[in-house]
Amino acid sequence: MENNQRPVIIMPEGTTREVGSQAKSNNIMAGKILADVLKTTLGPRGMDKMLVNTIGDVKITNDGSTILKEIEPDHPAAQMIVDASKEQETNVEDGTTTVVVLTGELLKQAEKLLDEGISTSTILKGFKDATIKAKEVLNDISITDIKKENLVKIATTSMKGKGPKYDIEQIAEKLVEELLKVEKDGNINKDQIKLRKIHGESMESTEITEGVVVDKNVLESEMPKDVKNAKIALLQYPLDVKDLSNKAKIKITDPEELETYVKQEENLQKEEVDILANAGVNVLFCQKKISDISQHFLTKAGILSAKRVKNKDLERLSQATGAEIVNNIHELTEDDLGTAGHVYEKEVFEDTEYIFIEECKNPGTISIIVKGTTKVVTDQLEQAINDAIGAVSATLRNKKAIPGGGASDMAMAKQIKEYANTIGGKKQMAIIGFAQALEELPKALAHNAGLNTIDIMVQLKAAQTKSTNMGINVLTGNVSDMLEESILESTEVKDHILDSASEVTEQILRIDDVLAAQKQAPVGGDVGSPMM
Ligand code: ADP
Ligand code: MG
């Protein structure tokens, strides 16, 4: 071969390439930055972040997943961590901030170990062993007494993390009460839980009820507004003048004919209402239109009726009451009707009434009307309730709980270090690194609460030699027994945090080559910066 070869082009023009340690350190850097952004929001004393999007909408939150959804980092490694946090949210709702913070700390430890000349594969092996050990410790320190009282503590701890600064114990208690009613063999079907938000009222008036809430009012003031032993029809059929326009042109020449025509129209609508009345219906939810004339007949028949009800609500009503959704009223039979012990209209906010369907035939549906004085408060409470539902569901599933406030993190760290002592070589250092990353979690909780982290960590380590339940109550600033302080968490949520953080750390550390295609500049726009 001659040496006038043309270069071999295997990548499109504009592709950038980062190789080996440069790729790795950039990825680690991205993960650390992301973790540092979220770290200050961790725990009940975490700070809020104000997010402003490109059109100027403002959101104030201290929820990890909410923040991540908004910032959409531009760096691929950061994006991997965001995905891990989203996955945490999908699976267990709670723990989304902790995943990111722990991943960042693991990456920091990995960076140090790499600098000390330890290979990536040794680090990964050490982290893997440490994860297994950590989960064993979690299992050992778990309590298995999952009575209602403890579930309320788990819900409260989870909600407190999200920052509503008010008394949330009552909401937590009511929530657990309802969740226990709909639990089936340790499972809660989240599709059957519906949250609605109203702002302008105090948080304490948040309503959590078993059953379905339809955000419509009863059509007419003369209709019944409180029905016991309801027989419910669900219609996807308009109770309206039938549209004859494209079928036939009606030519009416004298006034008498007009009157007959109108009468006929009226009769048709009356017949349809009669079908309902004859089947024994006393409550009607219609997805379509109800005409004034039909409304008049429904009132006369004493049927509590609502129109333009959303499809999703009809489905929920169908599931809860056993009613079939009927598309053609002429096919409706008594078998299609659902039942509920109590259907009534109630004012949920000034001049806003909703219809509540309670004591349903099939339990399993929960309706939550989240209230708060402002949109910010309402959004935070909604997020807090979602996290609590996740934490309580996870606890019902695996029937285990652990002390919060950094207690479990310290217990894991301590035993992982003891385990490391039994192992020689460089892997030992990686295992110790994992333990040190865990210790950063209570440190962050304490730091966010303005406590002296050095002092408190010394106290915490000493207290942990006596009991693995010792943690930091950041609301009092004391190291104390977390079970006595009612700071309790789901073991499954923490398990999931460990798995997700270890997995994404491994994925990131395994990358030693980043090939990035040139970004297409949006028309008239600019290419985003490569780092976050
Ligand atoms: P995540 O999104 O990961 O759930 P949070 O911001 O909700 O993060 O914070 C959760 C952490 O807050 C948990 O480690 C929990 O133990 C801790 N926590 C909750 N209440 C307290 C408290 N009173 N004192 C100390 N830590 C608390
Ligand atoms: Mg939480």
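Our structure is the block above this text.
Visitor: Would you mind showing me how to read the overall build of the protein here?
Guide: Along its length, the protein carries 15 helices and 18 strands. Taking 532 residues into account, the globule formula puts the C-alpha radius of gyration at 24 Å, and the protein, at 30 Å, lies well above it. Considering only C-alpha atoms, the protein reaches an extent of 100 × 75 × 40 Å along its principal axes. Taken over 532 residues, the protein has a buried fraction of 50%. In the protein, of all internal contacts separated by at least 6 residues, the share reaching a separation of at least 24 is 76%. On the protein, roughly 25500 Å² of surface is accessible, and the fraction owed to carbon and sulfur atoms is 49%. Across the protein, 64 positive and 86 negative side-chain charges occur, with their mean positions spaced 4 Å apart.

Visitor: Help me out: how do you make sense of the site of ligand 1 in this one?
Guide: Taken together, the neighbourhood of ligand 1 is formed by 21 residues, with Asp-94, Thr-97, Thr-98, Gly-405 and Glu-489 sitting nearest. At 2.4 Å, a side-chain N or O of Glu-489 approaches an oxygen atom of ligand 1. The protein chains hide 95% of the 570 Å² of surface that ligand 1 would expose on its own. One can see that ligand 1 is located within the largest pocket. Those elements giving two or more residues to the shell around ligand 1 turn out to be helix 4 (96-115), helix 6 (148-161) and strand 15 (470-473). It is helix 4 that provides the largest number of residues to the shell around ligand 1, a total of three residues.

Visitor: What is the right way to read the nonpolar core from this model?
Guide: Note on soluble globular proteins: their nonpolar side chains tend to be buried together. Counting 66 residues, the largest nonpolar core has Leu-102, Met-412, Ile-416, Phe-434, Leu-438 and Leu-498 as the members making the most contacts within it. Looking at this core, the element that brings in the most residues is helix 13 (residues 425-448), giving ten residues. Residues Val-214, Leu-234, Val-281 and Val-309 belong to the second largest nonpolar core, which totals 40 residues.

Visitor: Whenever I open this one, the environment of Ala-420 confuses me. Can you help?
Guide: Take Ala-420: it is sitting in helix 12 (residues 407-421). Taking relative accessible area as the criterion, Ala-420 reaches 0% and is therefore assigned buried. If we ignore the near neighbours within four places in the chain, the residues touching Ala-420 are Gln-428, Ile-431 and Ile-432.

Visitor: Can you walk me through the layout of surface pockets in this structure?
Guide: Gaps left between atoms show up when a probe the size of a water molecule is rolled over them. By volume, the largest pocket is sized at about 730 Å³. Taken together, 43 residues form the lining of the largest pocket, with Pro-44, Thr-157, Ser-158, Gly-161 and Glu-489 sitting closest to its centre. The element best represented in the lining of the largest pocket is helix 6, accounting for nine residues.

Visitor: Help me out: how do you make sense of the sheet that holds strand 4 (residues 193-199) in this one?
Guide: As a general point, the strands of a sheet are linked pairwise by backbone hydrogen bonds and lie either parallel or antiparallel. Strand order in the open sheet formed by three strands is 4-13-5, with mixed pairing between adjacent strands. The open sheet has two edge strands, strand 4 and strand 5 (207-210), and neither has a second partner. Each neighbouring strand pair of the sheet contributes to a mean axis angle of 15°, computed without reference to strand direction. The pairing of strand 5 with strand 13 (residues 366-372) spans four bridges and is antiparallel. Counterpart to Glu-207 in the pairing with strand 13 is Ile-369. Across the sheet, helix 11 (residues 375-398) lies against strand 4 and strand 13, angled at about 160° from strand 4, the strand it touches most.

Visitor: It is not clear to me how a negative patch on the surface should be interpreted in this structure. Could you clarify?
Guide: A contiguous patch of negative charge, built from Asp-254, Glu-256, Glu-257 and Glu-259, is present on the exposed surface. Structurally, Glu-257 is set in helix 8 (residues 255-279).

Visitor: How should I be thinking about helix 12 in this particular structure?
Guide: Count 3.6 residues to each turn of an α-helix, and residues three or four apart come out pointing the same way. Spanning 15 residues, helix 12 covers 22 Å between terminal C-alpha atoms, matching the ideal 21 Å at 1.5 Å per step. By the burial criterion, the buried members of helix 12 are Ala-407, Ser-408, Asp-409, Met-410, Ala-411, Met-412, Ala-413, Ile-416 and Ala-420.

Visitor: Is there a simple way to think about unusual backbone geometry in this case?
Guide: Peptide bonds are trans in most cases, and residues, glycine excluded, mostly fall at negative phi. At Glu-359, a position not held by glycine, the phi torsion is positive, near 50°. Mapped onto the elements, Glu-359 comes out in strand 12 (residues 352-360). In this model, Lys-399 sits at a positive phi of 55°, which is unusual for a non-glycine residue. Among the secondary structure elements, Lys-399 is positioned in the loop between helix 11 and strand 14 (401-403).

Visitor: Which parts of the structure should I look at to understand the packing of aromatic side chains?
Guide: Remark: the centre distance and the inter-plane angle together describe each pair of aromatic rings, the angle taken between the planes. In total, this model carries two aromatic pairs according to the counting rule given. Pairing Phe-127 with Phe-434 gives two aromatic rings, centres 5.8 Å apart and planes at 70°, and the pair type is edge-to-face. With a gap of 307 residues between them, Phe-127 in helix 5 (residues 120-141) and Phe-434 in helix 13 connect regions that are remote in the sequence. Residue Phe-127 is classed as buried on the basis of its relative accessible area of 5%. The interplanar angle of 15° and the centroid separation of 5.4 Å between the aromatic rings of Tyr-344 and Phe-356 together place this pair among those described as stacked. Note that Tyr-344 is positioned in strand 11 (residues 338-349) and Phe-356 in strand 12, a separation of twelve residues in sequence. The buried category is assigned to Tyr-344, whose relative accessible area is 13%.

Conventions we followed
Residues numbered from 1 in each chain as written. Chains lettered and ligands numbered in written order. Predicted model: local features only at pLDDT ≥ 70, side-chain atom pairs only at ≥ 80, totals over all residues. Heavy atoms only, no water. Helix = DSSP H or I, 4+ residues; strand = E, 2+ residues; numbered from the N terminus. Rg over C-alpha atoms; globule rule 2.2 N^0.38 Å. Buried < 20%, exposed > 50% of the residue type's maximum accessible area, 1.4 Å probe, protein only. Contact = heavy atoms within 4.5 Å. Areas by Shrake-Rupley, 256 points an atom, 1.4 Å probe, with all protein chains shown as cover. Lys, Arg positive; Asp, Glu negative; His and termini not counted. Charge placed at Lys NZ, Arg CZ, Asp CG, Glu CD. Near = heavy atom within 4 Å. Polar contact = N/O pair within 3.5 Å; in protein donor to acceptor, adjacent residues only side chain to side chain. 1 Å grid on protein atoms, 1.4 Å probe; cavity = no way out; pocket = protein on both sides within 12 Å on 5 of 7 lines; lining within 4 Å. Sits in = over half its atoms within 2 Å of the grid points. Core = buried A, V, L, I, M, F, W, Y, C linked by side-chain atoms within 4.5 Å. Points joined across faces, edges and corners; volume = space filled by probe spheres on them. Pairing = 2+ DSSP bridges. Axes fitted to C-alpha atoms, helices over the stretch in contact; angles between N-to-C directions. Patch = residues over 30% accessible without salt bridge, like charges linked within 9 Å, V, L, I, M, F, W, Y side chains within 5 Å. Salt bridge = Lys/Arg side-chain N within 4 Å of Asp/Glu carboxyl O. Expected span 1.5 Å × (residues − 1). Phe/Tyr/Trp six-rings, centres within 6.5 Å; stacked < 30°, edge-to-face > 60°.

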